[in-house]
Amino acid sequence: MIRDPQTLEALLDAVNRFVRERLVPAEAIVAETDEIPEDIVREMKELGLFGLTVPEEYGGLGVTMEEEVMVMLAMGQTSPCFRSLFGTTVGIGSQGILFDGTEAQRKKYLPRLATGELIASFALTEPDTGSDAASLRTTAIREGDHYIVNGTKRFITNAPHAGIFTLMARTNPQDKGAGGVSAFIVEADTPGITIGRKDRKMGQRGAHTADVIFENCKVPASQLIGGREGQGFKTAMKVLEKGRIHIAAICVGVAERMQRDALHYAMERNQFGQPIAEFQLVQAMLADSQAEIYAARCMVIDAARQRDAGRNVATEASCCKLFASEMCGRVADRAVQIFGGAGYVSDYGIERFYRDVRLFRLYEGTTQIQQIVIARNLVREAMR
Ligand SMILES: Cc1cc2nc3c(=O)[nH]c(=O)nc-3n(C[C@H](O)[C@H](O)[C@H](O)COP(=O)(O)OP(=O)(O)OC[C@H]3O[C@@H](n4cnc5c(N)ncnc54)[C@H](O)[C@@H]3O)c2cc1C
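Residues numbered from 1 in each chain as written. Predicted model: local features only at pLDDT ≥ 70, side-chain atom pairs only at ≥ 80, totals over all residues. Heavy atoms only, no water.

Engineer: Looking at this model, I keep getting lost on the domain arrangement of the chain. Mind explaining?
Structural biologist: By a widely used convention, the size of an interface equals the accessible area lost when the partners come together. Considered domain by domain, the chain is made up of domain 1 (5-115), domain 2 (120-228) and domain 3 (234-382). With centres defined by C-alpha atoms, the gap from domain 1 to domain 2 works out at 23 Å. Taken together, the 25 residues of domain 1 in the interface contact 21 residues of domain 2. Taken over both partners, the interface formed by domain 1 and domain 2 buries close to 1900 Å², and the fraction arising from carbon and sulfur atoms is 52%. If you sort the residues of domain 1 by the area they bury against domain 2, Asp34, Gln105 and Tyr109 come out on top, with a joint share of 29%. There are 2 salt bridges connecting domain 1 and domain 2. Ionic pairing is found between Lys108 and Glu187, a salt bridge with its closest N-O pair at 3.7 Å. (Domains from an automatic or database assignment. Contact = heavy atoms within 4.5 Å. Buried area = accessible area lost by both parts, 1.4 Å probe. Salt bridge = Lys/Arg side-chain N within 4 Å of Asp/Glu carboxyl O.)

What follows is the structure in structure tokens.
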């Protein structure tokens with residue numbers, strides 16, 4: 001749903017300009033230094049990117065899902081590390097507070113997230129608990145008006161920069177499944193929290209992940225999201241479901257960027273006395289990519305509209321994440337192929353995208369987990 005086309009157009013114009021004039025020229029330096037320059041971070045805050053999904057009454061832009069998708073399609077036109085910096089704050093890090101938090105929790109945190117003063121991270125994954133998230137081992141044991149948290153969270157995006165963590169921990173150790181899990185807002189400066197060293201990753205340099213270690217960390221009971229134990233896994237799944245449409249939109253945006261770069265290269269590169277874009281075998285690669293990008297774009301916009309209309313989009317969100325992330329990988333592979341040897345050499349930039357987009361098939365639910373969700377929902381529906 002687009003609330004006001006003119007307001008959205010103004011926002012998209014501003015984001016497109018920011019991407020074109022500030023982010024694209026900074027891609028190489030960010031990849032080299034593994035840091036996003038401070039002035040760029042400040043401009044992201046000024047543009048309102050950290051507050052995209054925070055409702056207006058808490059100081060954000062309160063975009064609908066369709067509007068969020070439009071912004072992510074625009075953000076995808078550059079290195080995905082830039083999106084990652086505000087992506088956890090507008091997505092998995094904050095939405096649990098918005099969906100299931102108490103009014104006091106919303107009022108306390110959402111305005112500061114919206115301005116970018118606080119960065120939110122989402123802490124679900126553990127060393128022994130990835131796809132099977134419901135079996136997580138981090139514990140939060142109630143003692144008086146506090147919970148004592150112990151455990152390690154792994155690969156947590158923006159952990160080194162986070163002001164708060166949306167933490168999933170087991171409040172009922174007797175219940176080994178989803179029902180024993182609760183969600184908390186944990187302030188990063190709480191004693192007992194240690195952030196591990198930054199992970200050295202395949203791609204997306206400039207976006208940082210690290211372990212978050214909790215050792216007898218005393219979290220006030222008022223930080224339990226929604227004030228109810230045993231709801232944390234449901235909160236996490238709601239957050240991840242919305243996140244799947246968001247990530248799928250980024251996949252489409254980045255695929256469009258790689259396709260554009262490949263097309264330009266193919267039109268400029270001559271072999272056998274003519275631009276390689278005139279060879280039908282190269283055209284076939286471009287055509288296959290274009291068809292897949294278009295399909296994913298249609299899927300993502302459709303799922304966003306259905307979600308805005310209040311429909312259950314659990315299956316559609318997983319279809320989008322599955323198809324768009326796999327599509328993005330295929331488009332990256334074809335783009336490298338079209339660049340030939342230059343596709344393998346860092347100076348030309350396309351190999352960086354090839355590495356960057358590999359992550360999309362892994363996090364926020366691997367491709368196999370999306371397949372499982374889709375099939376399980378189909379079977380459930382058929383049995384009704
Ligand atoms: C850069 C990066 C950023 C991340 N950011 C965050 C974050 O901010 N917060 C957070 O909580 N987590 C984060 N993660 C963790 C991420 O979500 C997990 O890595 C992902 O969910 C997969 O879990 P795993 O790595 O333990 O793989 P595993 O679960 O061990 O899976 C390994 C392989 O087995 C397959 N597999 C597993 N179970 C099944 C099954 N039942 N059927 C078929 N195949 C199966 C998987 O698909 C995969 O191919 C991040 C990871 C990375 C790399």
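Engineer: Sorry if this is basic, but what is going on with the site of the ligand here?
Structural biologist: As a matter of local geometry, the ligand sits amid 17 residues, with Phe122, Thr125, Ser131, Thr366 and Gln368 nearest to it. For the ligand, a nitrogen atom lies 2.7 Å from a polar atom in the backbone of Phe122. A distance of 2.7 Å separates an oxygen atom of the ligand from a polar atom in the side chain of Thr366. Contact with the protein chains hides 63% of the accessible area of the ligand, taken as 970 Å² for the molecule alone. Where the shell around the ligand is concerned, the elements lending two or more residues are β3 (146-157) and α11 (367-383). Class assignment of the residues belonging to the shell around the ligand gives a composition of 8 nonpolar, 7 polar and 2 charged. A domain split of the shell around the ligand shows at least three residues from each of domain 2 (120-228) and domain 3 (234-382). (Near = heavy atom within 4 Å. Polar contact = N/O pair within 3.5 Å; in protein donor to acceptor, adjacent residues only side chain to side chain. Areas by Shrake-Rupley, 256 points an atom, 1.4 Å probe, with all protein chains shown as cover. Helix = DSSP H or I, 4+ residues; strand = E, 2+ residues; numbered from the N terminus. Nonpolar A, V, L, I, M, F, W, Y, C, P; charged D, E, K, R; others polar.)

Engineer: For this particular structure, what's the right way to read the environment of Phe18?
Structural biologist: Mapped onto the elements of the fold, Phe18 is located in helix α1 (residues 5-33). A C-alpha to C-alpha distance of 16 Å links Phe18 and Gly51, two positions 33 residues apart in sequence. Beyond its immediate sequence surroundings of up to four residues, Phe18 is in contact with Leu23, Ile40, Glu43, Met44, Leu47 and Leu49.

Engineer: What am I meant to see in the pattern of salt bridges here?
Structural biologist: Side-chain pairs of opposite charge can arise where the charged atoms are in close proximity. Taken as a whole and judged by the stated rule, the model has 23 salt bridges. Close ionic contact of Arg3 with Glu67 constitutes a salt bridge, the shortest N to O distance being 2.9 Å. Separated by 64 residues along the polypeptide, Arg3 in the segment before α1 and Glu67 in helix α3 (residues 65-75) bring together distant segments of the chain. With a closest N to O distance of 2.8 Å, Arg22 and Glu43 form a salt bridge. Here Arg22 is found in helix α1, whereas its partner Glu43 is found in helix α2 (residues 38-47), with 21 residues between them in sequence. Given a relative accessible area of 27%, Arg22 falls into the partly exposed group. Connected via shared salt-bridge partners are Glu27, Arg257, Asp261 and Arg352. (Buried < 20%, exposed > 50% of the residue type's maximum accessible area, 1.4 Å probe, protein only.)

Engineer: Explain helix α4 (residues 80-90) here, please?
Structural biologist: Every α-helix carries 3.6 residues per turn, so stepping three or four residues along brings you back to the same face. Of all 11 residues in α4, 11 are buried; the element is thus mostly enclosed. Buried residues of α4: Pro80, Cys81, Phe82, Arg83, Ser84, Leu85, Phe86, Gly87, Thr88, Thr89 and Val90, and no others.

Engineer: Would you take a moment to explain the state of the cysteines for this structure?
Structural biologist: In protein chemistry, a disulfide is the covalent bond that joins the sulfur atoms of two cysteines. Taken as a whole, this structure holds 0 disulfides when the rule is applied. Here Cys81 is not cross-linked by a disulfide; its sulfur's nearest cysteine counterpart is in Cys328, at 14 Å. Judged by its relative accessible area of 3%, Cys81 falls in the buried class. There is no disulfide at Cys319, and the cysteine sulfur nearest it, in Cys320, is 7.0 Å away. (Disulfide = S-S within 2.5 Å.)

Engineer: Would you mind showing me how to read the packing of aromatic side chains here?
Structural biologist: Aromatic ring pairs are defined here through the distance separating the ring centres and the angle between the ring planes. Per the stated rule, a full pass over the model turns up 5 aromatic pairs. Ring plane angle 65 degrees and centroid distance 4.9 Å describe the contact between Tyr147 and Phe184, whose orientation is recorded as edge-to-face. One end of the pair, Tyr147, is in strand β3; the other, Phe184, is in strand β5 (residues 181-187), with 37 residues separating them in the sequence. (Phe/Tyr/Trp six-rings, centres within 6.5 Å; stacked < 30°, edge-to-face > 60°.)

Engineer: Sorry if this is basic, but what is going on with the nonpolar core here?
Structural biologist: Side chains of a nonpolar character, in soluble globular proteins, are inclined to be buried together. Counting residues in each nonpolar core, the largest one holds 73 residues, and the members touching the most others are Met75, Phe82 and Met258. For this core, the secondary-structure elements that each account for two or more residues are α1, α2, α3, α4, α7 (232-268), α8 (280-308), α9 (314-339) and α10 (350-356). In terms of residue count, α7 provides more of this core than any other element does, 13 residues in total. The residue makeup of this core includes at least three contributed by each of domain 1 (5-115) and domain 3 (234-382). The next biggest cluster of nonpolar side chains, apart from the first, holds 26 residues, and it includes Tyr109, Ala133, Ile225 and Phe233. (Core = buried A, V, L, I, M, F, W, Y, C linked by side-chain atoms within 4.5 Å.)

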